[in-house]
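Here is how the chains run, residue by residue.
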There are 4 protein chains.
Amino acid sequence: MTTFEALYVPAPLREAVSDQAWLVAMLEAERAVARATGAPVPDEVLRPEDHDIAALSEEGRAHATPVVPLARALRARAPAAHGPATSQDILDTAAMLVARNARSLVLAELDGASAAAAALAEAHRSTVMAGRTLLQQARPTTFGLRAAAWLVALIEARRRLVDARLPAQLGGPAGTMDPELTARFASELGLEVPTLPWHADRGPVADLAGALDAVGAACGKVGLDVVLLAQSEVGEVSEAESGGSSSMPHKQNPAAAVLARACARLVHANASLLTAGDHELDRAAGAWQAEWPALSAALAFAGGSAAAARRSLEGLQVHADRMAENAHDLGGDVGAAKALVDRALARYREQQ
Amino acid sequence: MTTFEALYVPAPLREAVSDQAWLVAMLEAERAVARATGAPVPDEVLRPEDHDIAALSEEGRAHATPVVPLARALRARAPAAHGPATSQDILDTAAMLVARNARSLVLAELDGASAAAAALAEAHRSTVMAGRTLLQQARPTTFGLRAAAWLVALIEARRRLVDARLPAQLGGPAGTMDPELTARFASELGLEVPTLPWHADRGPVADLAGALDAVGAACGKVGLDVVLLAQSEVGEVSEAESGGSSSMPHKQNPAAAVLARACARLVHANASLLTAGDHELDRAAGAWQAEWPALSAALAFAGGSAAAARRSLEGLQVHADRMAENAHDLGGDVGAAKALVDRALARYREQQ
Amino acid sequence: MTTFEALYVPAPLREAVSDQAWLVAMLEAERAVARATGAPVPDEVLRPEDHDIAALSEEGRAHATPVVPLARALRARAPAAHGPATSQDILDTAAMLVARNARSLVLAELDGASAAAAALAEAHRSTVMAGRTLLQQARPTTFGLRAAAWLVALIEARRRLVDARLPAQLGGPAGTMDPELTARFASELGLEVPTLPWHADRGPVADLAGALDAVGAACGKVGLDVVLLAQSEVGEVSEAESGGSSSMPHKQNPAAAVLARACARLVHANASLLTAGDHELDRAAGAWQAEWPALSAALAFAGGSAAAARRSLEGLQVHADRMAENAHDLGGDVGAAKALVDRALARYREQQ
Amino acid sequence: MTTFEALYVPAPLREAVSDQAWLVAMLEAERAVARATGAPVPDEVLRPEDHDIAALSEEGRAHATPVVPLARALRARAPAAHGPATSQDILDTAAMLVARNARSLVLAELDGASAAAAALAEAHRSTVMAGRTLLQQARPTTFGLRAAAWLVALIEARRRLVDARLPAQLGGPAGTMDPELTARFASELGLEVPTLPWHADRGPVADLAGALDAVGAACGKVGLDVVLLAQSEVGEVSEAESGGSSSMPHKQNPAAAVLARACARLVHANASLLTAGDHELDRAAGAWQAEWPALSAALAFAGGSAAAARRSLEGLQVHADRMAENAHDLGGDVGAAKALVDRALARYREQQ
């Protein structure tokens, strides 16, 4: 249903948040339930190819979750399947597994963007350009410092995303599961052990959403600045593979920067839903069921925004002569720009 | 990429906002350009089966729009294709065509929900129940009046959705297209003629998004109230096909009401993006490109929310005895509840 | 608590949404209750100067509404006061009265902005400038057409705001009030008669919020374009009273345009709350009580955004020579720009 | 302009985010500039009582910032005042000082809420109640475990809020300030030293906003659950000082819980603005100027929500008999509820 998804999101990330990926993750969660409880559920019962996620979604409509028909199908073949789990245990755990896989892809794009920003900061530490406040020329700065500012924001976003905890969920129908069982379950999957079941306490989801929003904001900022510096009248940067226009083939559109911004807006909208709370008592009647599409979208578009920022930065053409020309009347005093670039690069090296 | 979409959205509506539907709509827009300009573009150039929307999205990434590769493909076969249009003309017009088709499906679900609400209002105009404010019992009301309140909100949302204008877009690269040509183009498609090209003035999109949000709010309200009245301790309604639980087969979950609420939240998140403005000069560099997935999602989830509210209401079991019991201590004075139900039903009949 | 409010909002509008204005409106609603029911409540009981809204807010905390202590104070002096009303009747009606007053001020600012946009469209119908898409020069247009596009968006926003219904609320504790009494009450106040009490069906609030958001979007768009055209490197417009900088007195900041954008963001955030629904049964336990500050803010910032757009446009310096220079390489074919300006101006004259 | 602010926000917090508090903070920032640069600016020039923040806001409208008139006034009395700072340095630093003071008040309310939740968890570790999923009775749990879940969410929100970095800002007009000077400046104020100036990289603001949103979500969840458990038909808890109704004096409204939810919604709306990014180049033309009211509101309502949750929990009446009665048919197996409560309490003690 996401329109033109290949336009925004790299293929591996599309797969990582696809319905098939959710199905695989749900089955992985079911397998871990069986292992943690020692229940006899043969691996062949848990093969994704035996289940049809579209059909499960369709059947799941009557239950407001695809796990009810899934658990029924599993139990038909292995009565011990699903064990003491409740459907939310499977779905929340699957969400964290999907998030873990997707996160690693988002981080790879972010790292590419950071490396490109760092290279620009390094290469242009002495490239004077106009500082612009309220889009008016203010005082001179360097393009290296602009790139360093992007870099620091990308690093910060990375840190938040890495720090987001991804806990397992195994609380059972009323959230009263023995924590030792939950710990075994979490360990099967390599997920964190939560203090308590978090069926209706969505801190982990909200933290993750906030981190993805930070990724979008950092990448969208790169996109915004590139778009502004690439304006015809400014002409200080251009993208290597500038996009064409259907009616004006000569035009040089900073297409990657534009997509970084578009994706950032889409992350923000979905993150806003994921941080809105309002989960009733021990399982929400609506707020929880709204999370799945929003989480997939937030992950995908965060990665889309990072990939686009990376593409924009990796191929960025910097027109230093135009920068010098534009900044001509401002004098050449760039203050401590060099020292600041060094600070940012030192920070970058530390976190690697 | 939308997770579990069959869980939320009826099949016809999923198709109506699918990438294939967007492709068909884009080709319809291209055909109307050819007809309005009298350009020789044979119909067989414009067959959806000759184009692959996934590939166009992929190629379109370099241009931040799938129309650049589409127009190129069309011109390769018919040099006059695409004519004086700009890519945004095709996409905005396609968006309105997609919206028109999807809207008729949303309205059908809304009408079903309204009919069900009207029937409940009629049937239960004398069924006394507790009025509840801040979720505390207050004074008596009737279930008919509760249903009548749903009905009025559904009618209002319908009116807003019907009133949303769906204008054609044919402004050309800088929005300076001859309005007579635009009028011919609009007439080919049965869309409204805009006062001016609206490339960066997104009133039409925002109005539509607001109307879809109103649909979500009205249907989500039905869901919320059903969930509350269906609580174990309240027990005043239940859904005919109450959903089960993977761990507690005896449970009677109001699954449709829950999904109505989930969809409403998803509409709201996407509508918020579509009303946020910030479109630069003659075509936005990011805000516009973010609209396509958000518009599809807003349409789909609005319909999902209406379909779920309809399903919930059509099969709603009303436990009048339980209502009477719960309201026992409040006395039986329901004021003008009957007259109010009549007002609502009269209003309903008028708009039909 | 709104920081630096005089920076954003004109004084009359600040007063129109002040706590004092809410108090006056609540007392007006109480007076109309008395009149509609024929209850003996002397006018001197309802004098604003006898009540302290800060104290009522403080006392109201224990009840989650300031109307409980207000009604108590009124009844101490006139036992018939407050009559059959419930606290939400008073507050919702007061909200509509506050909205009505504030709306007229917002409309006045909007009208000023529209008049200024119309004058620019008229004066510059032949002033050639570069059309810019994705912030790249595309094809020529005229500044008159840019101004005409602002004008049409301002007119549309005006229409939505004027169309927003402002119904009275008099439902009593459970929303079962005799509609004839409600009609008398509404007529006392010159407000619309609702089909049903709308205690938990917030269509009227959401419609109003959507209209205010449209005002913000239209005015924020003016701000965005002015900021972009005023860039040092573009230099095509400047504000008459450009703002200075604390560190660079020579700088010419388009301060009004900047504030129009800031206000638009603040409207959008508050409108998003007001359209989010989730009002339980016959009176919400949280969603309703969140509306008051959000409604005041949405009204005030919508007006702030209109006032700022107006200020920006009324004093806009248009540098036609610079426009010509920037557009030099694009040729001079501005298509049907003149005809389009005429369409917009005709539309403007019609709605006056 | 915030309507009925005493209803929502405790008096000390209202003061902490008042315009007067912002003025004091701006002057503190100016003092630190003088000290860090060794400029001769006598303390008496920086007395809040000599400046009128309402007038500065009014005058500031022409500059889109109150710092321009403030700096002018200071320089008139001490020419060295304001030194190498730019207006954003003063305002951003003031924002962090305001946030620091307000945060300590929010934390105090949060700590009160946590202590109350911990006491309830302890006292009710064996109080059986129905677990409720999708608002249907599911399996038994204990009220102690419900309170423990609130506690863990409050602790998590606290951690995020404490972790939010509050950096000084001293970048000068183009963000090229010597980092050693910035470090001296930060040290004068006890704020963090940022890697780079963050004029247009709003990570610190977004992180803080996200943390405040987490506070709102945790406290709003308490409110939601209390409202649900206090329903007439559930009757398992009530607030000590339940609010009355203007029309039904016998009613027992959980007013504090309601306000916790209302405040949470208001935090969320403002946080959404503060995390939206889109800050152009070296200082934003709109997005930055929108932050001040949103930040004050997010801080105030986060504290309001914590204060209300605290009030609700501190006086919570737990009706264990009613809990037992409601849960009667579910059997008494509460699984590992006790062990889970212990985990939560251990976690609580650790963080103290």
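Going by the structure above, here's the rest.
Residues numbered from 1 in each chain as written. Chains lettered and ligands numbered in written order. Predicted model: local features only at pLDDT ≥ 70, side-chain atom pairs only at ≥ 80, totals over all residues. Heavy atoms only, no water.

Chemist: When you look at the interface of chain A and chain C in this model, what are you seeing that I'm missing?
Modeler: Quoted interface sizes are often the accessible area lost when the parts come together. Opposite the 25 residues of chain A that make contact, chain C presents 25 residues. For the pairing of chain A and chain C, the buried interface totals around 2200 Å² over both sides, and the portion due to carbon and sulfur atoms is 50%. Where chain A packs against chain C, one counts two salt bridges. With a closest N to O distance of 2.8 Å, Glu 233 of chain A and Arg 132 of chain C form a salt bridge. There are nine residue pairs in polar contact (both at pLDDT 80 or more) connecting chain A and chain C. Tallied by class, residues from the side of chain A that touches chain C come to ten nonpolar, ten polar and five charged. (Contact = heavy atoms within 4.5 Å. Buried area = accessible area lost by both parts, 1.4 Å probe. Salt bridge = Lys/Arg side-chain N within 4 Å of Asp/Glu carboxyl O. Polar contact = N/O pair within 3.5 Å; in protein donor to acceptor, adjacent residues only side chain to side chain. Nonpolar A, V, L, I, M, F, W, Y, C, P; charged D, E, K, R; others polar.)

Chemist: Any chance you could explain the interface of chain B and chain A here in plain terms?
Modeler: Facing 70 residues of chain B, the contacting portion of chain A comprises 69 residues. Approximately 5600 Å² of surface area, both sides summed, lies buried where chain B meets chain A, with 60% of it carried by carbon and sulfur atoms. Between the two partners, chain B and chain A, sit four salt bridges. Across the pair Arg 14 of chain A and Glu 58 of chain B runs a salt bridge, and its minimum N-O distance is 3.7 Å. Seen at the junction of chain B and chain A, the total is 20 residue pairs in polar contact (both at pLDDT 80 or more). Broken down by secondary-structure element, the contributors of at least two residues to the side of chain B that touches chain A are α1 (5–8), α3 (19–37), α4 (53–60), α5 (67–77), α6 (87–123), α10 (255–274) and α11 (291–314) of chain B. Looking at which element gives the most residues to the side of chain B that touches chain A, the answer is α10 of chain B, with nine residues. (Helix = DSSP H or I, 4+ residues; strand = E, 2+ residues; numbered from the N terminus.)

Chemist: What am I meant to see in the nonpolar core here?
Modeler: Note that soluble globular proteins tend to have their nonpolar side chains buried in a common cluster. Judged by nonpolar contacts, the single largest core of 541 residues is most densely connected at Tyr 8 of chain A, Tyr 8 of chain B, Tyr 8 of chain C together with Tyr 8 of chain D. Look past the residues within four positions of Tyr 8 of chain A in its chain and what remains in contact with it is Thr 3, Leu 259, Ala 262, Cys 263, Leu 266, Phe 301 and Gly 304 of chain A together with Gln 289, Trp 292 and Pro 293 of chain B. (Core = buried A, V, L, I, M, F, W, Y, C linked by side-chain atoms within 4.5 Å. Buried < 20%, exposed > 50% of the residue type's maximum accessible area, 1.4 Å probe, protein only.)

Chemist: Where do I start with the relation of the copies chain A and chain C in this structure?
Modeler: Relating one copy of the chain to the other takes a rotation about an axis and a shift parallel to that axis. The transformation that overlays chain A on chain C combines an axial shift of 0.0 Å with a rotation of 180 degrees, and the residual RMSD is 0.0 Å. Such values leave the two copies arranged in the relation of a two-fold axis. No C-alpha of chain A approaches the rotation axis more nearly than that of Glu 233 of chain A, which lies at 3.0 Å. Comparing interface residues between copies, 100% of those in chain A also lie at the interface in chain C; the contact surface is shared. (Least-squares fit on C-alpha atoms with pLDDT ≥ 70 in both.)

Chemist: Explanation requested: the packing of aromatic side chains in the structure shown.
Modeler: In this description, an aromatic ring pair is defined by two values, namely the gap between the centres and the angle between the planes. Scanning the entire structure with this criterion turns up 24 aromatic pairs over all chains. Geometrically, the ring pair formed by Phe 4 of chain C and Trp 22 of chain D is edge-to-face, given 5.5 Å between the ring centres and 70 degrees between the ring planes. Taken together, the residues Phe 4 of chain C in the segment before α1 (5–8) and Trp 22 of chain D in helix α3 (residues 19–37) connect one chain to another. No difference in accessibility class separates Phe 4 of chain C from Trp 22 of chain D, as the two residues are buried. Judged by centre distance (6.5 Å) and plane angle (50 degrees), the ring pair of Trp 292 of chain C and Tyr 8 of chain D falls under tilted. Within this pair, whereas Trp 292 of chain C is found in helix α11 (residues 291–314), its partner Tyr 8 of chain D is found in helix α1 (residues 5–8), the two belonging to separate chains. Of the two residues examined, Trp 292 of chain C and Tyr 8 of chain D, each falls in the buried class. Following the ring pairs from residue to residue traces out a cluster consisting of Phe 4, Tyr 8 and Phe 301 of chain A together with Trp 22, Trp 288 and Trp 292 of chain B. (Phe/Tyr/Trp six-rings, centres within 6.5 Å; stacked < 30°, edge-to-face > 60°.)

Chemist: Hey, could you run me through the layout of surface pockets in this one?
Modeler: Summary: where empty space remains is shown by rolling a probe the size of a single water molecule over the atoms. In this structure, the second largest pocket spans a volume of roughly 720 Å³. Around the second largest pocket, the lining is made up of 49 residues, and of these Arg 202, Gly 203, Pro 204, Ala 206 and Asp 207 of chain D lie nearest the centre. Taken together, the elements giving at least two residues each to the lining of the second largest pocket come down to α7 (143–163), α9 (203–229) and α10 (255–274) of chain A together with α9 (203–229) and α10 (255–274) of chain D. The leading source of residues in the lining of the second largest pocket is α9 of chain D, at eight residues. Considered class by class, the residues forming the lining of the second largest pocket number 23 nonpolar, twelve polar and 14 charged. (1 Å grid on protein atoms, 1.4 Å probe; cavity = no way out; pocket = protein on both sides within 12 Å on 5 of 7 lines; lining within 4 Å. Points joined across faces, edges and corners; volume = space filled by probe spheres on them.)

Chemist: How should the relation of the copies chain B and chain A be read in this particular structure?
Modeler: Expressed as a screw operation, the relation of chain B to chain A combines 0.0 Å of axial shift with a rotation of 180 degrees, fitting to an RMSD of 0.0 Å. Both copies contact each other with a shared surface, as 99% of the interface residues of chain B are interface residues in chain A too.

Chemist: What should I look at first to understand unusual backbone geometry in this one?
Modeler: Of note, Ala 64 of chain B is a non-glycine position whose phi angle comes to about 60 degrees, a positive value. As for its position among the elements, Ala 64 of chain B is in the loop between α4 and α5. Residue classification places Ala 64 of chain B among the buried positions, given a relative accessible area of 1%. The backbone phi angle of Asp 278 of chain D is positive, close to 75 degrees, even though this residue is not glycine.

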